[in-house]
Structures are given as C-alpha cells and as structure tokens.
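Architecture at a glance
Here is how the chains run, residue by residue.
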Amino acid sequence: MGKYRILIVEDQRDVRRLLRSGLETLELDLEIIDVPSGEEALLLLPRQSFDILVADVRLPGIAGLELKKRALINNSDLKLILITGLTDPDVRQQIFDAGADAFFFKPLEIADFLDAVERCLVVVG
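Attention here is on the structure that accompanies the text. (Residues numbered from 1 in each chain as written. Predicted model: local features only at pLDDT ≥ 70, side-chain atom pairs only at ≥ 80, totals over all residues. Heavy atoms only, no water.)

1. Digging into the overall build of the protein
In terms of regular secondary structure, the protein is built from five helices and five strands. Counting helices and strands in the order they occur from the N terminus, the protein gives β-α-β-α-β-α-β-α-β-α. Taking 14 Å as the expected radius of gyration for a compact globule of 125 residues, we find that the protein reaches 13 Å, a close match to that expectation. By principal-axis analysis of the C-alpha atoms, the protein measures approximately 40 × 30 × 25 Å. Burial status across the protein gives 46% buried among its 125 residues. (Helix = DSSP H or I, 4+ residues; strand = E, 2+ residues; numbered from the N terminus. Rg over C-alpha atoms; globule rule 2.2 N^0.38 Å. Buried < 20%, exposed > 50% of the residue type's maximum accessible area, 1.4 Å probe, protein only.)

And the structure:
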C-alpha cells in the first residue's frame, strides 16, 4: 500500500503540532497535511484524496461537522476523527449523529488518538 494521507484541521497550533508529531511516531508511510481552518481544508479536499480527516468540532468559520458533510461529497470512504474541547451533551449527540469513526475530548490522550488512526487505516488499507 502506498502513502496514507491525513488531513488535520485544527485552529490551535499547539494541538496541530501534537497531532502531527504523534502521527510521525507511527511506523507508517504517512503524508500529513495540517491547516488551521475549515475553509483551507475545503480548498484541498476536492483536489486531493485523503484517507482520514481529523477535525476540531468547533472551528472559526466552517466547523468540523459541516466540513465532514462537505468532505464526504468528494470522498465517501473518508474516515473521520473529531476532536472537541466541549463536553456539552448536545455536542456529544451531534458527534454521534455525524457518524465519526472516533472522537476525543481535549486534552487529548495521544496514545488513544494514535490507536484510532491505526484502526481507521486498517479499514482503509
């Protein structure tokens, strides 16, 4: 199998760096692209193929849940991992309803996140 492609959409630079550095520790052939906004992600999604979309639920502008809907138009096999700092029960229900392959609350437990990424890639590969 060739490179797996992961798109990280997170407005907090420290969280983006944490996710990227964690993914780089996996012994997998990964291409990781990270952007700070849903709008930037929407520019990439129609032009490039990704295996996993990792997105914050709440982003300025286009939020993670809306981004997911738009991303699936171009790639119905795209796996989705959502991240949120919100613990509101309504947000939990929205994440569940969105059909995310995995979701995590901040602060993120990086080992659990990496396990979820590997599980998603097993399905893709």
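2. Looking at the nonpolar core
Membership of the largest hydrophobic core comes to 23 residues, with the highest contact counts inside it found for L7, V9, L45, L53 and L67. Contributions of two or more residues to this core are made by β1 (4-9), β2 (30-35), α2 (38-44), β3 (52-56), α3 (64-74), β4 (79-84) and α4 (89-98). Those residues in contact with L53, other than ones at most four positions away along the chain, are L7, V9, L67, K68, A71, L78, K79, L80 and I81. Judged by nonpolar contacts, the second largest core, of 22 residues, contains Y4, L30, I32 and F104. (Core = buried A, V, L, I, M, F, W, Y, C linked by side-chain atoms within 4.5 Å. Contact = heavy atoms within 4.5 Å.)

3. Notes on the pattern of salt bridges
This model, assessed by the stated rule, comprises seven salt bridges. Ionic pairing is found between E31 and R5, a salt bridge with its closest N-O pair at 3.0 Å. Here R5 lies in strand β1 and E31 lies in strand β2, a separation of 26 residues in the sequence. A relative accessible area of 28% means that E31 is categorised as partly exposed. Taking the relative accessible area as the measure of exposure, R5 reaches 17% and is therefore buried. We note a salt bridge from R20 to D34, for which the minimum N-O separation is 2.7 Å. Here the residue R20 occupies a position in helix α1 (residues 13-25), and D34 occupies one in strand β2, the gap between them amounting to 14 residues. Judged by its relative accessible area of 25%, R20 is partly exposed. Each of R16, R20, E24 and D34 takes part in a single network of salt bridges with overlapping partners. (Salt bridge = Lys/Arg side-chain N within 4 Å of Asp/Glu carboxyl O.)

4. Describing the side chain of T84
As for its position among the elements, T84 is in strand β4. For T84, a relative accessible area of 0% puts it in the buried group. Of the polar contacts made by the side chain of T84, one reaches the backbone nitrogen of L86; its length is 2.9 Å. For T84, the residues in contact, after removing those within four places along its chain, are D56, V57, V91, I95, F104, F105 and K106. (Polar contact = N/O pair within 3.5 Å; in protein donor to acceptor, adjacent residues only side chain to side chain.)

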